[in-house]
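So the chains spell out like this:
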Amino acid sequence: MLWFWLVIGWIGFAILPWYQQEYGFWTLEWLFDGYPMYGDYSPAVLQVILHQKIWLLPIAAFLLAPLALAGRGRAHPHYARILIASGLGGLVWLVGQGFVIGISGWGFGGLATIFGPLDIRQYGLGYGAMLTSACLLVILCTGLAAAGAMRGDVFVTTAIGTVIALVGLFVFFPVARILLGSFVDIDGTLSGAAFFRNFLDDSVWGIGCLLGGACGVAWNTAFLAVLTAVSTTLLGLSFALVVTRTGFRFKKSLRVLTVLPIITPPFVIGLALILLFGRSGAVTQFFADLLGVEAGRWLYGLPGIWLAQTLSFTPISFLVLIGVVEGVSPSMEEASQTLRAGRWQTFVRVSLPLMRPGLANAFLLSFIESMADFGNPMVLGGNFDVLSTEIFFAIVGAQNDAGRAAVLAMVLLFFTLSAFAAQRFWLGKKSYATVSGKADNGAHVGLNTGMRMVCYWTAIPWAIFTIAIYGMIFYGSFVKRWGFDNTLTLDNYKDAFGIGWSEHGIVWAGAAWDSFWTTLNISAIAAPLTAAVGLTTAYLLVRQNFRGKSLFEFGTMLSFAIPGTVIGVSYIMAFNVPPFELTGTGVILVICFIFRNMPVGVRGGIAAMSQLDKSLDEASLTLGANSFTTFRRVILPLLRPAIVAALVYSFVRAITSVSAVIFLVSADHNMATSYIIGLVENGRYGVAIAYCSVLILVMLTAILVVQGAIGKRRLRREDRVEASLDLAVPGNMKEKHS
């Protein structure tokens, strides 16, 4: 693998353009525009020879050093030292020269004073630099493995190194840039007084609610997040139990219905709630006329936001919990009943404790989602202020105070990290493994009558309520003016997705087609990458022990804990100038979606992997498979629910994301949500709802395709599944468990 990556590194250094291309990341137009001699498109070798950028020359030395090992390989007495020095030195030099020399010469004024002005400029890093960096990272990780890191396992060491590098670059770096702004005063000077003035503001921590007044925005946000996390976790568990432990006839329909809210832009749910329960809403007016009372405004504020967030985030809990509920071993439940325990005792004392990882992760994800939610509080907040909207107004409002926004982001981060710590304390170090190398016999124990009725009376009314909400949404797409002129029409769909014909063929006449195709392309690219990074990270956290593991886990959750508004602004600040010049490209959207949505794959993977006994890994390694083969052929097939959850969630959130997208879109890469916001601002509600309806149908189709392609994990003997270890080591003796 080392020599393969060395070839990749030299391709990046000697063949591909070193700097970013103006045509965009995905095109090859640079091949026909002066490549390789033209300065902007030259590889690093020609940048040194023809364009006097001698600061790139040391990178070649770091790539040449490992060639000294060609004859002896690991037998060389300094094998590990050479690789570590080459990889680490090359990475430090490559990134350092990118920061020191920018688009206008020296990146720091002091260097111009010392060395004189620099006439040669340097753009952001491109294809060549990216491949060379990947090569140097693999060299470094291979050297660390040779030095004894992770018991010499190159795959595990490289996986850890890659995730750390990616999280450091695309999470810690942009967050550090914006948090630095918390010490910047309004006039642009660094000041500790500015931080404490914003942090200790009474509007943040005020406790006037105890005296009948208003609470600070921090307490409002925390209280709302706890309410939302509790309600969504309980609802998600009810849906999961109905689907897996009852004979409910419409299980498939219920599965589809539970994911509907997650595939809808959040402000659309808010608008539907307003049409139903707002002061002029259909339900509100009906009861006002029936009872002869004045219509109220109860929807605006805490009740409305809580209702909208529960609708929006219950699917997250369901997607996390469904795999955990299915993963409880049927034989353990049957053993409990054999010892004369009833169904209720079995559920409370056996099944429920084994679901604790799923319950804890569902609660944590819903808590963080509520803390970071922007759309629902924006539509339904009223006088109930929360941190996400306060951050938004601090950045783009009249106050234009980036320092206050950064301080509020730190307060939000404190709450989310506190929830993270509480979750770890509750789970402790207990083992929740129920899946071993043996095939499992029997079926899951059903719920007792009382518990079954509780689940039915919780899940079914909520499902009916969800149907009513979506009935309003789809109905609104067929009326001329939603809420005013309810004449049925297809004009909204024609305006958005009209198709015509010309002498040249099909004409995409609808105004929404451009943003629609851009959204699908970027989401389809981001989803599998998000799932891959998330599940690999979960594998490292559950199956490997290494120094800094807690900090590593914290880094994977950091982007999820910060509002999308702050993520968007931090990406603009971090990636608007060299060496990472990404703003205005589709790449920055893909990267934002990967690291914004990765925590769902991580938490879902951790919850599911906690139920897989480590003896599976050990047996596979004993039979001669390496760690990569074990991960690919033993662990991944047993993580199908987590894979589905990661793919589905990352795909639909990339389509429906609002807060970060509004800062990162460009004329060439306009996403669906930003386009819909423009329609809403212009009063074209019918077209906006029609667009949302089409997106919902597209995402439903994608969900069904993903579930059908990946399938379900089966653990019982009657499913006639081959033992997992047969998958790990091809050619070994196999045994059917039937």
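Visitor: Looking at this model, I keep getting lost on the overall build of the protein chain. Mind explaining?
Guide: Helices and strands together make up the secondary structure of the protein chain, namely 33 helices and six strands. Buried positions account for 54% of the 738 residues belonging to the protein chain. Expressed as a percentage of contacts within the protein chain between residues at least 6 apart in sequence, the contacts between residues at least 24 apart total 74%. By element, 65% of the accessible surface of the protein chain is carried by carbon and sulfur atoms, the whole surface being about 32,200 Å².

Visitor: Mind showing me how you'd approach empty space enclosed by the protein here?
Guide: The method is simple in principle: a probe with the dimensions of a water molecule rolls over the atoms, and the space it marks as empty is what remains. Enumeration according to the criterion identifies six cavities of 30 Å³ or more in this entry. For the second largest cavity, the calculated volume is near 90 Å³. Looking at the second largest cavity, the residues that line it are Leu-319, Val-320, Gly-323, Val-324, Val-600, Gly-601, Gly-604, Ala-608, Pro-641, Ala-642, Ala-645 and Ala-646. Elements represented by at least two residues in the lining of the second largest cavity include exactly α14 (302–327), α26 (586–609) and α29 (640–656).

Visitor: Which parts of the structure should I look at to understand the packing of helix α25 (residues 564–574) against α26?
Guide: In helix packing, the relevant descriptors are the interaxial angle and the interaxial distance, both defined with respect to the helix axes. Relative orientation of the contacting elements α25 and α26 amounts to 140 degrees, with a least axis distance of 12 Å. Considering the angle they form, α25 stands oblique to α26. Handedness of the crossing formed by α25 with α26: right-handed. Residues Gly-564, Ile-567 and Tyr-571 of α25 touch α26, and the partners they reach there are Ile-588, Ile-591, Cys-592, Phe-595 and Arg-596. In terms of residue class, the contact of α25 with α26 is made up of six nonpolar, one polar and one charged.

Visitor: How do you make sense of the side chain of Thr-489 when you look at a structure like this?
Guide: Mapped onto the secondary structure, Thr-489 falls in the loop between β4 (485–488) and α22 (491–497). A distance of 3.0 Å separates the side chain of Thr-489 from the backbone nitrogen of Asp-491, its partner in a polar contact. In this structure, Thr-489 is in contact with Ser-477, Phe-478, Val-479 and Lys-480, ignoring residues within four places of it in sequence.

Visitor: Quick question: what am I supposed to make of helix α17 (residues 356–372) here?
Guide: Every α-helix winds through 3.6 residues per turn, so residues three or four apart in the chain are directed the same way. A rise of 1.5 Å per residue sets the reference length of α17, with its 17 residues, at 24 Å; its end C-alpha atoms lie 24 Å apart and thus fit the reference within 8%. With 16 of 17 residues buried, α17 lies mostly within the body of the structure.

Visitor: Can you walk me through the confidence of the model for the protein chain in this structure?
Guide: Parts of the prediction with low pLDDT should not have their coordinates interpreted in detail. Per-residue confidence for the protein chain gives a mean pLDDT of 81, with 89% of residues at or over 70. Counting interchain partners and residues more than four positions distant, the pLDDT-below-50 stretch residues 715–738 has 51 contacts.

Visitor: Sorry, what's going on with α14 here?
Guide: Compared with an ideal rise of 1.5 Å per residue, which puts 26 residues at 38 Å, α14 spans 36 Å between its outermost C-alpha atoms and is within 8% of the ideal. Its axis deflected by about 35 degrees at Phe-313, α14 carries its strongest bend there, up to four residues before the proline Pro-315. Of all 26 residues that make up α14, 23 are buried, and the element is covered over most of its length.

Visitor: I would appreciate a short explanation of unusual backbone geometry in the present structure.
Guide: Note the cis peptide between Pro-578 and Pro-579, where omega equals 10 degrees. Secondary-structure assignment places Pro-579 in the loop between α25 and α26. The backbone of Met-150 shows a phi angle near 50 degrees, a positive value even though the residue is not glycine. Note on placement: Met-150 falls in the loop between α6 (127–146) and α7 (154–180).

Visitor: Which parts of the structure should I look at to understand the packing of aromatic side chains?
Guide: Per the counting criterion, the structure on display carries 35 aromatic pairs. Taking 5.8 Å as the distance between ring centres and 50 degrees as the angle between the ring planes, the aromatic pair formed by Phe-170 and Phe-575 counts as tilted. Of the two residues, Phe-170 is situated in helix α7 and Phe-575 in the loop between α25 and α26; the sequence distance between them amounts to 405 residues. Comparing Phe-170 with Phe-575 shows no difference in burial state: the two are buried. Ring centres of Phe-497 and Tyr-691 lie 5.2 Å apart, and the angle between their planes is 85 degrees; this geometry places the pair in the edge-to-face category. Here Phe-497, found in helix α22, pairs with Tyr-691, found in helix α32 (residues 685–710); they are 194 residues apart in sequence, far enough to count as distant.

Visitor: How should I be thinking about the pattern of salt bridges in this particular structure?
Guide: Pairing between side chains of opposite charge can happen when the charged atoms of each approach one another. For the structure on display, the rule yields four salt bridges. Arg-404 is paired through a salt bridge with Glu-390; the nearest N and O atoms lie 3.4 Å apart. Here the residue Arg-404 occupies a position in helix α20 (residues 402–427), and Glu-390 occupies one in helix α19 (residues 387–396), the gap between them amounting to 14 residues. For the pair Arg-404 and Glu-390, one class covers both residues: buried.

Visitor: What am I meant to see in the nonpolar core here?
Guide: As a rule of thumb, nonpolar side chains are buried together in soluble globular proteins. If you look at the biggest cluster of nonpolar residues, it comprises 114 residues, and the most contacted ones within it are Trp-18, Tyr-571, Phe-575 and Phe-595. Considering each element in turn, this core owes the most residues, 14 residues, to α26. Counting 92 residues, the second-largest nonpolar core is a separate cluster that includes Cys-455, Ala-496, Phe-651 and Leu-679.

Visitor: How do you make sense of the environment of Ala-660 when you look at a structure like this?
Guide: Mapped onto the fold, Ala-660 is located in the loop between α29 and α30 (661–664). For Ala-660 and Ser-674, which are 14 residues apart along the polypeptide, the C-alpha to C-alpha distance reads 10.0 Å. Other than its neighbours up to four places away in sequence, Ala-660 contacts Gly-564, Thr-565, Gly-568 and Cys-592.

Visitor: Could you clarify how one ought to interpret the environment of Gly-301 in this entry?
Guide: If you trace the backbone, Gly-301 turns up in the loop between α13 (282–291) and α14. Exposure remark for Gly-301: the relative accessible area of 6% places this residue in the buried category. Taking C-alpha positions, Gly-301 is 9.7 Å from Val-379, a pair spaced 78 residues apart along the chain. Not counting the four nearest positions on each side in its chain, Gly-301 is found in contact with Leu-380, Gly-381, Gly-382 and Phe-384.

Visitor: Is there a simple way to explain the side chain of Thr-233 in this structure?
Guide: Structurally, Thr-233 can be placed in helix α10 (residues 217–245). Accessibility expressed as a relative area gives 7% for Thr-233, which makes it buried. Apart from residues no more than four positions distant in its own chain, Thr-233 is found in contact with Ser-317, Leu-321, Leu-359, Ala-362 and Phe-363.

Visitor: Mind showing me how you'd approach a nonpolar patch on the surface here?
Guide: A surface patch of nonpolar side chains, amounting to about 530 Å² of accessible area, comprises Phe-286, Phe-287, Leu-290, Leu-291 and Val-293. In this fold, Leu-290 is placed in helix α13. Taking relative accessible area as the criterion, Leu-290 reaches 55% and is therefore assigned exposed.

Visitor: Explain the environment of Val-167 to me, please; I cannot follow it from the model alone.
Guide: Within the secondary structure, Val-167 is located in helix α7. When the C-alpha atoms of Val-167 and Gly-555 are compared, they prove to be 6.5 Å apart, with 388 residues separating the residues in sequence. In contact with Val-167, other than residues within four places in its own chain, are Phe-172, Gly-555, Thr-556, Phe-595 and Met-598.

Visitor: How should I be thinking about the packing of helix α23 (residues 513–543) against helix α28 (residues 627–635) in this particular structure?
Guide: Interhelical geometry of α23 versus α28 gives an angle of 110 degrees and a closest axis separation of 12 Å. It follows that α23 is roughly perpendicular to α28 by the angle criterion. Contact with α23, carried on its side by Leu-535, Thr-536, Tyr-539 and Arg-543, involves Ser-627, Phe-631 and Ile-635 of α28 and no other residues of that element. Partitioned by chemical class, the residues of the contact of α23 with α28 number four nonpolar, two polar and one charged.

Definitions and cut-offs
Residues numbered from 1 in each chain as written. Predicted model: local features only at pLDDT ≥ 70, side-chain atom pairs only at ≥ 80, totals over all residues. Heavy atoms only, no water. Helix = DSSP H or I, 4+ residues; strand = E, 2+ residues; numbered from the N terminus. Buried < 20%, exposed > 50% of the residue type's maximum accessible area, 1.4 Å probe, protein only. Contact = heavy atoms within 4.5 Å. Areas by Shrake-Rupley, 256 points an atom, 1.4 Å probe, with all protein chains shown as cover. 1 Å grid on protein atoms, 1.4 Å probe; cavity = no way out; pocket = protein on both sides within 12 Å on 5 of 7 lines; lining within 4 Å. Points joined across faces, edges and corners; volume = space filled by probe spheres on them. Axes fitted to C-alpha atoms, helices over the stretch in contact; angles between N-to-C directions. Parallel < 35°, antiparallel > 145°, perpendicular 65-115°, else oblique. Left-handed = near helix turned anticlockwise from the far one by under 90°. Nonpolar A, V, L, I, M, F, W, Y, C, P; charged D, E, K, R; others polar. Polar contact = N/O pair within 3.5 Å; in protein donor to acceptor, adjacent residues only side chain to side chain. Expected span 1.5 Å × (residues − 1). pLDDT = per-residue confidence, 0-100. Bend = angle between axes of the 7 residues up to and from the residue. Phe/Tyr/Trp six-rings, centres within 6.5 Å; stacked < 30°, edge-to-face > 60°. Salt bridge = Lys/Arg side-chain N within 4 Å of Asp/Glu carboxyl O. Core = buried A, V, L, I, M, F, W, Y, C linked by side-chain atoms within 4.5 Å. Patch = residues over 30% accessible without salt bridge, like charges linked within 9 Å, V, L, I, M, F, W, Y side chains within 5 Å.

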